[in-house]
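# Report on the structure
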Amino acid sequence: MSRIEVLLFDLGGVLVEFSGVRDLAVLLRGRLSESEILEQMSCYAPSEQFGLGKLSRDDFGKRFVKDWKLELPPEDFLREFQSWSKCLFPGAVELLTMLRPRFRLAALSNSNELHWERNTNDLGVTGLFEVAISSHHVGLYKPDPQMYLTALDRLGASPDSVMFFDDVPANVAAASALGIQAFQVDGVEDVRSRLMQEQLL
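Residues numbered from 1 in each chain as written. Predicted model: local features only at pLDDT ≥ 70, side-chain atom pairs only at ≥ 80, totals over all residues. Heavy atoms only, no water.

A word on the overall build of the chain. Within the chain, the secondary structure is distributed over eleven helices and seven strands. Its C-alpha atoms give the chain a radius of gyration of 17 Å, near enough to 17 Å, the size a compact globule of 201 residues would have. Its C-alpha atoms put the chain at 55 × 30 × 30 Å along the principal axes. Residues classed as buried in the chain amount to 48% of the 201 residues present. For the chain, the computed accessible surface area is about 9,700 Å², with 50% contributed by carbon and sulfur atoms. (Helix = DSSP H or I, 4+ residues; strand = E, 2+ residues; numbered from the N terminus. Rg over C-alpha atoms; globule rule 2.2 N^0.38 Å. Buried < 20%, exposed > 50% of the residue type's maximum accessible area, 1.4 Å probe, protein only. Areas by Shrake-Rupley, 256 points an atom, 1.4 Å probe, with all protein chains shown as cover.)

And the structure:
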């Protein structure tokens, strides 16, 4: 087996706190439970189109406010929506700083232009990585195998030289099917524990 050279990270739920379901529940004034919101969001086509770069932010805002019957103007909703990418989890920067001398660090995220702007400009997330790829840049979503292949190509890396961390089982399975060592994790401490188990930390 090749030595691991690249650590590839999902962002939301792994290194970054994402509060979308909780915050949307507040905007809906209790009309739906968080589990109902999660279920409906997972198959809400405009969010997918926005995350693939196929829908403008203005059109997304108008559609979302209308479809979810929110009582605020689309431009106010978009400001709220952008803030759902909350912050780096405690310990994330320290962990990446510790790893950077020994590994190439990269990010692969199902995101959109608003959350990516916040991650880049407000939270300083994308600057922590040599390569950072969002779904809206490439028109692909994990677990589409082509998204991982795009990352490997961008990195000039072979699958067996990469270890990948994501909080979604289907995304982990898709990476594993390509020969990437992939692990489901929930937050920074889970990543740290896995790296220790794999004797990389």
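Evaluated as defined, the whole model comprises 17 aromatic pairs. Measuring from ring centre to ring centre gives 6.2 Å for Phe9 and Phe129, while their planes differ by 45°; the resulting arrangement is tilted. Taken together, the residues Phe9 in strand 1 (residues 6-9) and Phe129 in the loop between helix 7 (113-122) and strand 5 (131-134) connect sequence positions 120 residues apart. Overall, the relative accessible area of 0% leaves Phe9 in the buried class. (Phe/Tyr/Trp six-rings, centres within 6.5 Å; stacked < 30°, edge-to-face > 60°.)

On to helix 1 (residues 20-27). The buried count for helix 1 comes to six of eight residues, which makes it a mostly enclosed element. Gly20, Val21, Asp23, Leu24, Ala25 and Leu27 are the residues of helix 1 that are buried. Buried residues belonging to helix 1 abut strand 2 (16-18), helix 2 (34-42), helix 4 (57-67), helix 5 (74-83) and strand 3 (85-88). Positive backbone phi, at 55°, marks Arg29, one or two positions downstream of helix 1. (Contact = heavy atoms within 4.5 Å.)

Take helix 4 next. When we look at burial in helix 4, the residues that qualify are Phe60, Gly61, Phe64 and Val65. The buried side chains of helix 4 occupy one side of the element, clustering within an arc of 120° when seen end-on. Away from its buried face, by an angle of more than 90 degrees, helix 4 presents the exposed residues Lys62 and Lys66. Where the residues of helix 4 are buried, they touch helix 1, helix 2, helix 3 (45-51) and helix 5. Just downstream of helix 4 lies Lys69, where phi reads positive at about 55°. (Arc of directions from axis to C-beta.)

In this section: the packing of helix 5 against helix 7. Where helix 5 contacts helix 7, the two axes come as close as 8 Å, and the packing angle between them is 55°. In terms of orientation, helix 5 and helix 7 fall into the oblique class. Crossing of helix 5 over helix 7 shows right-handed handedness. Across the interface between the two elements, Leu78, Phe81, Gln82 and Ser83 from helix 5 touch Leu114, His115, Glu117 and Arg118 from helix 7. Residues of the contact of helix 5 with helix 7, tallied by class, amount to three nonpolar, three polar and two charged. (Axes fitted to C-alpha atoms, helices over the stretch in contact; angles between N-to-C directions. Parallel < 35°, antiparallel > 145°, perpendicular 65-115°, else oblique. Left-handed = near helix turned anticlockwise from the far one by under 90°. Nonpolar A, V, L, I, M, F, W, Y, C, P; charged D, E, K, R; others polar.)

The next point concerns the packing of helix 1 against helix 2. The contact between helix 1 and helix 2 brings their axes to 9 Å, and the two run at 110°. With respect to helix 2, the element helix 1 is oriented roughly perpendicular. For the pair helix 1 and helix 2, contact is made by Val21, Arg22, Leu24 and Ala25 and by Glu34, Ile37, Leu38 and Met41, respectively. By residue class, the composition of the contact of helix 1 with helix 2 is six nonpolar, no polar and two charged.

With that settled, the discussion passes to the pairing of strand 1. Note on strand geometry: in a regular strand, side chains alternate between the two faces of the sheet. Burial along strand 1 is two-sided: Val6 and Leu8 and Leu7 and Phe9, pointing in opposite directions, are all buried. Pairing of strand 1 with strand 4 (residues 104-109), which is carried by four bridges, proceeds in the parallel orientation. Each residue of the ladder has a partner; that of Phe9, found in strand 4, is Ala107. Direction of pairing for strand 1 relative to strand 6 (residues 162-166): parallel, over a ladder of four bridges. Bridge pairing in strand 6 links Val6 to Val162. (Pairing = 2+ DSSP bridges.)

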